[in-house]
Amino acid sequence: VGVTAQKTMRLLPASGKKATQKVVVGDQDGVITCFGIKKGEAVPVFKTLPGQKISRLELGGALNTPQEKIFVAIGSEVRGFTKRGKQFLSFETNLTESIKAMYISGADLFLCASYIYNHYCDCKDQHYFLSGDKINDVLCLPVDKVKCITPVLACQDRVLRVLQGSDLVYEVEVPGPPTVLALSNGNGGDSGEEIVYGTSDGKLGLTQITGTKAIPRWEIGNEKKRGGILCIDSFDILGDGVKELLVGRDDGMIEIYNFESADDPVLRHDYKALSESIASIQGGCVGKEGFDEIIAATYSGWLTGLTTEPVHREGGSGEELKLSQEMQSKISSLRNELEQLQMKVLQEREKYQQSSQSSTAVSSVPAFSVNDKFTLNKDDASYSLILEVQTAIDNVLVQSDVPLDLLDVDKNSAVVSFSSCDSEPNSNFLLATYRCQANTTRLELKVRSIEGQYGTLQAYVTPRIQPKTCQVHQYQIKPLSLHQRTHSIDQDRPMNTLILKGQFSFAEIHSWVVFCLPEVPEKTPAGECITFYFQNTFLGTQLETTYRKGEGYFKSDNISTISILKDVLSKEATKRKINLNISYDVNEESVRHTLKLIHPKLEYQQLLAKKVHLIDALRELQVHEGNVDFLLPKYRCILEEADQLLEEYKRQPAHLERLYGMITDLFIDKFKFKGTNVKTKVPLLLEILDGCDQDGLIAFFDAA
C-alpha cells in the first residue's frame, strides 16, 4: 500500500469460528485497502478511491458486539465504512487542525489534534480540553468495567493526563515522551484500569489508572538501545492461554513479551522484520486457519506476516514433495509478478522520456515523503537524527553552521565522507555526505553539540528516483541543546540565580525560552505563570525556569548555564527593542559543586585516552617477545581489553576536548560575573587539567 501513518492497520474480527481474518489498512494516499489471504496470495475485499491522507484507523461498533465497523481520520473529518467497504458516516468535526489521534468506544468518539482533545457522543460535542503539550495518543478505559468515561492522553512532556469530562483529574509522570497507549491485555486487565504505554526513547511500562491516582506496575528500560515504540497489541501468539504483548519499534524491530511470572513481562522473541519503522502491529489468524500470526505494517507501506505455522513439516518424502511443489508455484507466480512490474517500469520510463522531450513538456518534480525524528538521547548526551524515506536513499548531505561532532552509529552501513569547511564566508562547520547502499530506506546519524553555540543543522535527502530531486530538512541546535525536560530537581544543590525584569509579555518571554531550550511546547502555556525543570544530559547539572509577564527567574547549579542564558536572552530582548533589567546572584559553592560533577568524567576519559595511546606500543612488544607474561598486570589488562577500549574511544571522539572546554568556560564565566577577564590564565588551567588533580583544580579556581 502507500506510506502509512502510526496505528492505521487493523484486523477485522473473524466471521466464523474457523474463518481467517481480513486485514484493513489506510495509507497516506487516502486509500483504505481491505484484503484477505488465500494460498499465500492477497485477495482484495474492497479498496476506496485516493484522497487526503489517513492519519488513524480504528474499529468500532456497539459495545459487547464484534467491532467490525471501520473508522478513519482524514484531516479534520471522521469517516465510517462497513466491513464490505460501504461508507455510512462522514462527520466533519469542529477541529481547526488535522486529527492526530483517535479512539472509539461504542457511541463515544475521542479525537485529538496537536494540543486539543474533543469528546463526541453520537457525533455531538460533549467535552473539550486544552493540553499543556502536544498529544501523541488517546484512549478511554473500558466503560463496562470502570462504569464512567475516563479518557487518558499521552502527552509529549512525559506525562499521561487523566480526564473526567472537560477537567484534568491528575497527571502521571512516565520515563520518556509517550508515543502510544494500549489497554493491558486488550481490555484493561481485570480491573479495566491498566494501561500499557510505549515511549519515543524505547521504554515500555504499565500503570493502573484508578479514580484518584496512578499506581505504576512495571517498567522496562531500553537497555539494548533499540528504536522508539510506535505500536502495541495484546495477543496470545504462543498459545499458552495468556496474552502476550506485541511491540513494534521505529527501527524495524518486532518484540514479543510474555508474562511468565505474574509481575514483569519477559522478552521471549524479537524479530527484525524490515529496516524501517513498524507503524502498526496486530495479532490474529490471517493466512491459514489454525495458525496464528503477527501482522505488521511498515512506514513505506509493506505489510508483513510472521506465522506460527511450522515451515519444515514432519512426515515422509510425499509431504516434502507436496511442499516443494507448493513452493515452486509460489516462486513462479512471484517471478511472473516481477516481470510484469519490470515491463510496467520500462513502459512508464519510455513514456516519460517521450513526454519530457516533446515541445509541450512540463518538468515535474516527483514528490516523496520523509519521516524524520531529531531527539536528544539521555544516555550519551547526543542527538539522533533518523531519516526514513518511502523509496531507497541515494545520499544524504549534512551541513551545519555550528560546531558538531559526528558520532559513530553501529546500525549505519552508509559510507561517510567529510568535506573541508571554510568557516568564515559560509559559516560552515560541518559538511559530510552519507552514501547509502542499495535499498537503504532508513538512515540514523548521531551528533553532539556544544552548549552556548547555536544555529541550524540541515540534511539534504536525495532518494534513488528519476529525475534527481532533493528535500532539505532543518533542525535547530538550541543554545542549551544538551538540556532535557525532567519532572523535578534536587533543591538542595548550591544554585546561581538570574533575574530578568522588563516590559515584556508572557508570550514574549515564553518564545525566548523556546528559542533557548529543547522540549518546550511552542504554544504559550495557559495561566499567568509557568515553571519548567531541566537536566543537562552531559554533566547532570540542573536548571529551573519560572517566568510570567514582566519577570523571569532562572536557577542553575552550573554558572555556565546562567551565563549562556544571560547572553542569549539579552540578545533576543535587544532584537525586539525591549529594555531588560538583569540581576544575578552567584553562589561560589556552585563552582566547586560543578567541578566535582565533571571530575570523575574527566578522570575516566583521560585514563581511557592514555590506555588507547599505549595499545600500539604494547601490541608491538607482544609481536616481538611472543608472550606478555613479563608485563605488569595493568598493561596485560590493557592488551586484553584493547578492542573494547578502541571501540569506546572511537564512539566518543572529542569527548575529552569537550570536558576541557566546559571547565575552561566555567573558569571564564565565574570571573565574568565578577567583571574580571581571565582569558590569559587559560593556558595555566590547561596544564593543571593535564595533571588531573581535583584538589589542585579547585584551588586554582579559588586562587585565580
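Residues numbered from 1 in each chain as written. Predicted model: local features only at pLDDT ≥ 70, side-chain atom pairs only at ≥ 80, totals over all residues. Heavy atoms only, no water.

Asks: Help me understand the sheet that holds strand E26 (residues 291–298), please; the structure alone is not making it clear to me.
Replies: Either a parallel or an antiparallel arrangement is found when strands of a sheet pair, and the pairing is made through backbone hydrogen bonds. Here we have three strands laid out as an open sheet, ordered E25-E26-E27, and antiparallel in their pairing. Of all the strands in the sheet, just strand E25 (278–288) and strand E27 (303–307) have a single pairing partner and so form its edges. Going across the sheet, the axis of each strand differs from the next one's by a mean of 30°, ignoring polarity. Bridge count between E26 and E27: five bridges; the pairing is antiparallel. Paired with Ala-297 across the bridge in E27 is Leu-303. (Pairing = 2+ DSSP bridges. Helix = DSSP H or I, 4+ residues; strand = E, 2+ residues; numbered from the N terminus. Axes fitted to C-alpha atoms, helices over the stretch in contact; angles between N-to-C directions.)

Asks: How do you make sense of the packing of aromatic side chains when you look at a structure like this?
Replies: In this description, a pair of aromatic rings is defined by centroid distance and the angle of the planes. In total, this model carries 15 aromatic pairs according to the counting rule given. Ring geometry for Phe-91 and Tyr-120: centres 5.1 Å apart, planes at 85°, overall edge-to-face. On the criterion of sequence distance, the pair formed by Phe-91 in strand E8 (residues 87–92) and Tyr-120 in strand E11 (residues 116–121) is long-range, its members being 29 residues apart. Grouping residues by exposure puts Phe-91 and Tyr-120 together as buried. A centroid spacing of 5.1 Å and a plane angle of 35° characterise the contact between Phe-374 and Tyr-475, whose relative ring orientation is tilted. (Phe/Tyr/Trp six-rings, centres within 6.5 Å; stacked < 30°, edge-to-face > 60°. Buried < 20%, exposed > 50% of the residue type's maximum accessible area, 1.4 Å probe, protein only.)

Asks: Just to check I follow, could you spell out the packing of helix H6 (residues 588–625) against helix H9 (residues 655–672) for this structure?
Replies: Helix packing for two helices is described by the angle between their axes and how far apart those axes are. Remark: H6 packs on H9, axes separated minimally by 9 Å, with the N-to-C direction vectors making an angle of 160°. With respect to H9, the element H6 is oriented roughly antiparallel. When you trace H6 past H9, the crossing you get is left-handed. On the side of H6, the interface is formed by Glu-588, Val-591, Thr-594, Leu-595, Ile-598, Lys-601, Leu-602, Gln-605, Gln-606 and Ala-609, while H9 contributes His-655, Leu-656, Leu-659, Tyr-660, Ile-663, Leu-666 and Lys-670. Looking at side-chain class alone, the contact of H6 with H9 contains 10 nonpolar, four polar and three charged residues. (Parallel < 35°, antiparallel > 145°, perpendicular 65-115°, else oblique. Left-handed = near helix turned anticlockwise from the far one by under 90°. Contact = heavy atoms within 4.5 Å. Nonpolar A, V, L, I, M, F, W, Y, C, P; charged D, E, K, R; others polar.)

Asks: So what exactly am I meant to see when it comes to unusual backbone geometry here?
Replies: In terms of backbone geometry, most residues other than glycine have negative phi values and most peptide bonds are trans. The phi dihedral of Asn-64 falls on the positive side, at around 60°, and the residue is not glycine. Tracing the sequence through the fold places Asn-64 in the loop between strand E5 (54–60) and strand E6 (69–74). Positive phi, close to 70°, is recorded for Asn-439, a residue that is not glycine. Looking at where Asn-439 falls in the secondary structure, it is placed in the loop between strand E33 (430–435) and strand E34 (442–449). Accessibility expressed as a relative area gives 65% for Asn-439, which makes it exposed.

Asks: How should I be thinking about the pattern of salt bridges in this particular structure?
Replies: Side chains that carry opposite charge are capable of pairing whenever their charged atoms lie near each other. For the structure shown, the criterion picks out 32 salt bridges. Between Arg-10 and Glu-58 there is a salt bridge; the shortest N-O distance is 2.9 Å. Of this pair, Arg-10 sits in strand E1 (residues 9–11) while Glu-58 sits in strand E5, and the two are 48 residues apart along the sequence. Take Glu-58: its relative accessible area is 7%, and that puts it in the buried class. For Asp-405, the salt bridge is made with Arg-658, and the minimal N-O distance between the two is 2.8 Å. Taken together, the positions of Asp-405 in strand E31 (residues 404–407) and Arg-658 in helix H9 put the pair 253 residues apart, joining distant regions of the chain. Both residues of the pair, Asp-405 and Arg-658, belong to the buried class. Salt bridges here are not isolated pairs; linked through shared partners, they connect Asp-157, Arg-161, Glu-171 and Arg-485. (Salt bridge = Lys/Arg side-chain N within 4 Å of Asp/Glu carboxyl O.)

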